[in-house]
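Chain residues, written in single-letter form:
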Amino acid sequence: MSNDEVSTKSFTLTNNQTGETSILPIIDGTMGPSVIDVRKLYNDTNHFTFDPSFTSTGSCKSRITYIDGENGILQHRGYDIQDLAEKANYLEVCYLLLYGDLPNAAQKKQFEHNITYHTLLHEQMHFFYRGFRRDAHPMAIMCGVVAALSAFYHDSLDIWDPAQRELSAHRLIAKIGTLAAMTYKYSIGQPFMYPRNDLSYSENFLYMCFAVPAEPYKVNPILARAMEKLLILHADHEQNASTSTVRLAGSSQANPFACIAAGIACLWGPAHGGANQEVLEMLDEIGSKERIPEFIKKAKDKDDPFRLMGFGHRVYKNFDPRARVLKQSCDEVLEDLGINDPRLELAMELERIALQDEYFIERKLFPNVDFYSGIILKAMGFPTSMFTVLFAVARTVGWIAQWKEMIEEPSLRIGRPRQLYTGPASRPFVKLEDRD
Ligand code: SDX
């Protein structure tokens, strides 16, 4: 245990069968629950802890993001997400997540230059897309092309070299937007658009998605600002499933591009980042306010696998603070664009009814970040199949910041959980002729 973790507080664990006790130190953080240090538990007691979905397990120390689920609080390096969404731009938040504080004017200018000048891809990367069907799910393409970055950028694969770690972080933040835009273009059969160095990150992304070579394209500033907010709100979220995937992959000393590809694969799941696509598809299936009670009933039926997508969260037992910001942004974007999307009204009626229902109240199921994001993305012109890709674009900075923090820990060890074995007891081999 390092000096900063020497604790005078502890738990005593008693084996009620033998009376043996084990003293387990408590480690305090800056905010939030303290942890019980069980690192010596197996050696002391020959027992493992058991927490299959990690509901009560802290997997690491981190200085990046703090979540208070009971009070609906999300902070990055101590700054409230509401302030960052309203007052910062995405690359400032990227800098904050990577380096620990908001950049000053010179740092911001240098960082924006570094990211901008890494948005271009090696030309050979274009050929990877040709191998996919045009109707491949965009997340399938993203898993492939992000992992393929390892095959090109050999000069930033040494994870022990701080300069190469920083270079791979900059490359990933910069290129994930280009790869995502190319994925979208490929899926609709349009030519790829090269990034432009005169545009901001969000303007560049929208340009690469929606411009065509045949005519000039001007990015709508309302959409660019909405995209900035979406990217900031999805940038990092503590030790969620995909971030934990990136950390576990990184603990084996795999290269950062492969680790981010693993995070993308995990994010794709409908219980995680894939929910934003499912929310829109669910709203389309509900179709009208009159059918809401039918779907609320389905969501409550234990025998029905249907869940109200965009509701509930492992950590937030109050409103997801990101959902509040997104709901406001949703109103602004639709109003500014003069779009009257009946799905927004349907979503708000669904939210109103669900939040009055005892089942949802009792289980503290509130709208999460995915509930409103899809409506904004639809208004921007993205197909639902691209929604989780956009989540991955935003979350790449969180993944790589957490990966970098882990690699820089002095005590990096490979993550290797154990298990409770419930299979057959030892038994002798049975020859083929003796088997039933
Ligand atoms: C994200 O972890 C993160 O930080 C993730 C994320 C991030 O930024 O990285 O915030 C992004 O993934 C947001 C979540 C998006 N997913 C969805 O919207 C899918 C729908 N939500 C559920 O699948 C669920 O709420 C989870 C996966 C989000 C949370 O699952 P938990 O913590 O394992 O909760 P649970 O399954 O134990 O549910 C507790 C109870 C159960 O009922 P009982 O068995 O107690 O009777 O609540 C019920 C569940 O059936 N429940 C729901 C429900 N979510 C939970 N019932 C109906 N509809 C729902 N959406």
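In this text, all values refer to a predicted model and were calculated from it rather than measured experimentally. (Residues numbered from 1 in each chain as written. Predicted model: local features only at pLDDT ≥ 70, side-chain atom pairs only at ≥ 80, totals over all residues. Heavy atoms only, no water.)

Q: Explain the nonpolar core to me, using residue names and the numbers behind them.
A: Counting 122 residues, the largest nonpolar core has Val146, Ile264, Leu308, Leu350 and Phe382 as its most contacted members. The element contributing the most residues to this core is helix α18 (residues 387–407), with 14 residues. Other than its neighbours up to four places away in sequence, Phe382 contacts Phe205, Leu206, Cys209, Phe210, Met227, Leu377, Phe387 and Leu390. (Core = buried A, V, L, I, M, F, W, Y, C linked by side-chain atoms within 4.5 Å. Buried < 20%, exposed > 50% of the residue type's maximum accessible area, 1.4 Å probe, protein only. Helix = DSSP H or I, 4+ residues; strand = E, 2+ residues; numbered from the N terminus. Contact = heavy atoms within 4.5 Å.)

Q: Describe the sheet that holds strand β3 (residues 35–36), with residues and values.
A: Two strands in a sheet stick together by hydrogen bonds in their backbones, pointing the same way (parallel) or opposite ways (antiparallel). With antiparallel pairing, 3 strands are arranged side by side in an open sheet as β1-β2-β3. Each end of this open sheet is capped by a strand with a single partner; those strands are β1 (10–14) and β3. Looking at chain direction, β1 and strand β2 (residues 21–27) are connected through 5 bridges and run antiparallel. Residue pairing in the sheet places Phe11 in a bridge with Leu24 of β2. (Pairing = 2+ DSSP bridges.)

Q: Any chance you could break down the sheet that holds strand β5 (residues 73–76) for me, citing the residues and the numbers?
A: Read from one edge to the other, the open sheet built from 3 strands follows the order β4-β5-β6, with strand pairing classed as antiparallel. A single partner strand is all that each edge strand has here, and the edge strands are β4 (65–68) and β6 (79–80). Across 4 bridges, β4 lies against β5 in antiparallel orientation. The partner of Tyr66 across the bridge, within β5, is Gln75.

Q: Break down the domain arrangement of the protein chain for me, citing the residues and quoting the values.
A: Here the protein chain is described as being made up of domain 1 (6–58) and domain 2 (65–413). Taken over C-alpha atoms, the centre of domain 1 sits 35 Å from the centre of domain 2. (Domains from an automatic or database assignment.)

Q: How would you explain the packing of aromatic side chains if you had to name every residue and give the values?
A: How two aromatic rings sit relative to each other is given by the distance of their centres and the angle of their planes. Tallying each qualifying case throughout the model produces 21 aromatic pairs. Between Tyr99 and Phe111, the ring centres sit 6.2 Å apart and the planes meet at 90 degrees, which makes this aromatic pair edge-to-face. Placement of the pair is Tyr99 in helix α3 (residues 90–99) and Phe111 in helix α4 (residues 105–116), with a sequence separation of 12 residues. Residue Tyr99 is classed as partly exposed on the basis of its relative accessible area, which comes to 32%. Assessed through its relative accessible area of 4%, Phe111 is described here as buried. A ring pair is formed by Phe295 and Phe306, whose centres lie 5.7 Å apart and whose planes are at 70 degrees; its orientation type is edge-to-face. (Phe/Tyr/Trp six-rings, centres within 6.5 Å; stacked < 30°, edge-to-face > 60°.)

Q: Hey, could you go over the site of the ligand for me, with residue numbers and the actual values?
A: Lining the immediate surroundings of the ligand are 24 residues, of which His237, His313, Arg314, Arg322 and Arg395 lie closest. The backbone of Ala271 places a nitrogen or oxygen atom 3.0 Å from a nitrogen atom of the ligand. Contact with the protein chains hides 78% of the accessible area of the ligand, taken as 1,100 Å² for the molecule alone. Looking at side-chain class alone, the shell around the ligand contains 10 nonpolar, 7 polar and 7 charged residues. (Near = heavy atom within 4 Å. Polar contact = N/O pair within 3.5 Å; in protein donor to acceptor, adjacent residues only side chain to side chain. Areas by Shrake-Rupley, 256 points an atom, 1.4 Å probe, with all protein chains shown as cover. Nonpolar A, V, L, I, M, F, W, Y, C, P; charged D, E, K, R; others polar.)

Q: Residue-level account of α3, with values.
A: For α3, a buried count of 9 out of 10 residues is recorded, marking the element as mostly surrounded by other parts of the structure. One side-chain oxygen at the N-terminal end of α3 lies 3.1 Å from the backbone nitrogen of Leu91; it belongs to Asn89.

Q: Tell me about unusual backbone geometry, residues and numbers included.
A: Look at Phe54: it is not a glycine, yet its phi comes out positive at around 55 degrees. Examined against the element boundaries, Phe54 turns out to sit in the loop between α1 (41–45) and β4. At Lys364, a position not held by glycine, the phi torsion is positive, near 55 degrees. Structurally, Lys364 is set in the loop between α16 (358–362) and α17 (369–380). We classify Lys364 as partly exposed; its relative accessible area is 37%.

Q: I'd like a description of helix α9 (residues 221–233), backed by residues and values.
A: The end-to-end C-alpha distance of α9 is 18 Å, a good match for the 18 Å that 13 residues give at a rise of 1.5 Å each. The complete set of buried residues in α9 reads Leu223, Ala224, Ala226, Met227, Glu228, Lys229, Leu230, Leu231, Ile232 and Leu233. Close packing links the buried residues of α9 with α2 (81–87), α3, α8 (201–210), α14 (321–336), α17 and α18. For α9, the N-terminal capping position is held by Asn220, with its side-chain oxygen 2.7 Å away from the main-chain nitrogen of Ile222. (Expected span 1.5 Å × (residues − 1).)

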